[in-house]
Amino acid sequence: MLDVSKTTSLLQSLGVNASTANQAAQRTVQAANTYALSFLQELHDALQAVSGNATSVSTPTSTSTPANAGASVTLSTVDLDRSTATQGTTTTTDTTAQAPSSDAKPPFDNLEEFREWEKGLGKAPLAPGYQAPDYLRFISLAMQGGDQDAFKRYVFFKNNPQYAQDYEAIRNGQLSKFPTDGSTVIRTDLSKLPTDVADYYRKNPAALRAAEGFSMDPTLYKMQMDGTLERNSDPSWLMTHQWTPNGIVERDHSAGSNPRFIGLDGKGADNYKLATYDNGLLVDIDGRRYDPVTGTEQV
């Protein structure tokens, strides 16, 4: 039987806010616990059904108080995964906004200065028409984590100062200058897919992110959903095989290094500089290793 909590965690890792993820997971598991592949279609349908009703995620306005020290003050924002509510519409993001600024500087020099910066962020109402920018998907959980996740937020904004500046502007009532439709958080090189498949995913980036999130070959995933795959395959087969112009070959999509986020246009490899995790430690882009909660460097 499918696990609601694991499904919820997966959706949150894809940028879906906690409330939407939990609702979609519960609805999906109830409808698809007898056959694993039907889970994927049910998940797609459930996300569309509940994302229109989810209108906020919680973002801490201060990290100076521990998360367990009582109710926190939150800033209401629009659902991070808005693109699931616009399936079938062509992506119109201005991709020129994706390029990071070469002269951007973080508004802080260390963790303590970051805490003060974050604590002093504006509390203006969100601008009309606000949609959460793609970059918040990478730290959506950390943004809700209070003081214990401050170091994770610090590392992300330190490494991506253009987003720190943008987030500060958002908190002062401005719209984000960066994409909000999920078009930059794509790993797949669409130029290597069949033309019809690539065109479909350009119009439906949330479907592509779902295939990537489950480590499935996106072409085989679409063929399976369309009913054009010659075999009726379970998810594990889609995770270990790949479509090529010369036929289907074996490939474990969960093994090896993960490709960078190149975006729908394939040109966004420099959009995000992301730390990684290794044995519970946060490994920064310079290779230095830290405790992800305290920020203490580990030798």
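## Some remarks on the overall build of the chain
- Within the chain one finds 10 helices and 8 strands.
- Taking all 299 residues of the chain together, 46% fall into the buried category.
- In the chain, 62% of the contacts between residues at least 6 apart in sequence involve partners at least 24 apart.
- Of the roughly 14900 Å² of accessible surface on the chain, 48% is carried by carbon and sulfur atoms.

## Some words on helix 9 (residues 218–226)
- Counting buried residues along helix 9, 7 of its 9 residues qualify, which places the element largely inside the surrounding structure.
- Those residues of helix 9 lying buried are P218, T219, L220, Y221, K222, M223 and Q224.
- The N-capping residue of helix 9, defined by a side-chain oxygen 3.2 Å from the backbone nitrogen of T219, is D217.
- Positive backbone phi, at 80°, marks G227, one or two positions downstream of helix 9.

## Concerning the pattern of salt bridges
- In total, this model carries 12 salt bridges according to the counting rule given.
- Residue R289 is joined to D278 by a salt bridge in which the shortest nitrogen-to-oxygen separation is 2.9 Å. In this pair, R289 is assigned in strand 7 (residues 289–290) and D278 in strand 5 (residues 276–278), connecting sequence segments 11 residues apart.
- The exposure class of D278 is partly exposed, given its relative accessible area of 31%.

## Structural notes on the packing of aromatic side chains
- Applying the stated criterion to the full structure yields 19 aromatic pairs.
- Consider the rings of W117 and F157, whose centres lie 5.8 Å apart with planes at 70°: the pair is edge-to-face. Placement of the pair is W117 in helix 4 (residues 111–119) and F157 in helix 5 (residues 150–159), with a sequence separation of 40 residues.
- Taking relative accessible area as the criterion, F157 reaches 0% and is therefore assigned buried.
- Taken together, a centroid distance of 5.3 Å and an interplanar angle of 65° make the contact between Y200 and Y201 edge-to-face.
- The aromatic ring of Y200 is capped on one face by K222, whose charged end is 4.8 Å from the ring centroid.

## Notes on the sheet that holds strand 6 (residues 281–283)
- Taken in spatial order, the 4 strands line up as 5-6-7-8 in an open sheet, and their pairing is antiparallel. Edge positions in the open sheet fall to strand 5 and strand 8 (297–298), since each of these has one partner strand only.
- Here strand 7 runs beside strand 8; their pairing, made up of 2 bridges, is antiparallel. Looking at the pairing, R289 lines up with Q298 of strand 8.

## Observations concerning the side chain of N160
- Mapped onto the secondary structure, N160 falls in the loop between helix 5 and helix 6 (161–170).
- Accessibility expressed as a relative area gives 1% for N160, which makes it buried.
- Of note is the side chain of N160, whose polar atom sits 2.9 Å from the backbone oxygen of F156.
- Once residues within four sequence positions are removed from consideration, N160 is found in contact with N271, Y272 and K273.

## Description of the confidence of the model for the chain
- When pLDDT is averaged across the chain, the result is 76; 64% of the residues are at 70 or more.
- Taken as a whole, residues 31–39 scores under 50 in pLDDT and shows 20 contacts with residues more than four places along the chain or in a different chain.

## Digging into the side chain of E118
- Note on placement: E118 falls in helix 4.
- You can call E118 buried: its relative accessible area is 2%.
- Looking at E118, its side chain comes within polar contact range of the side chain of R153, at 2.8 Å.

Cut-offs used in this document
- Residues numbered from 1 in each chain as written.
- Predicted model: local features only at pLDDT ≥ 70, side-chain atom pairs only at ≥ 80, totals over all residues.
- Heavy atoms only, no water.
- Helix = DSSP H or I, 4+ residues; strand = E, 2+ residues; numbered from the N terminus.
- Buried < 20%, exposed > 50% of the residue type's maximum accessible area, 1.4 Å probe, protein only.
- Contact = heavy atoms within 4.5 Å.
- Areas by Shrake-Rupley, 256 points an atom, 1.4 Å probe, with all protein chains shown as cover.
- Polar contact = N/O pair within 3.5 Å; in protein donor to acceptor, adjacent residues only side chain to side chain.
- Salt bridge = Lys/Arg side-chain N within 4 Å of Asp/Glu carboxyl O.
- Phe/Tyr/Trp six-rings, centres within 6.5 Å; stacked < 30°, edge-to-face > 60°.
- Lys NZ or Arg CZ within 6 Å of the ring centre and 35° of its normal.
- Pairing = 2+ DSSP bridges.
- pLDDT = per-residue confidence, 0-100.

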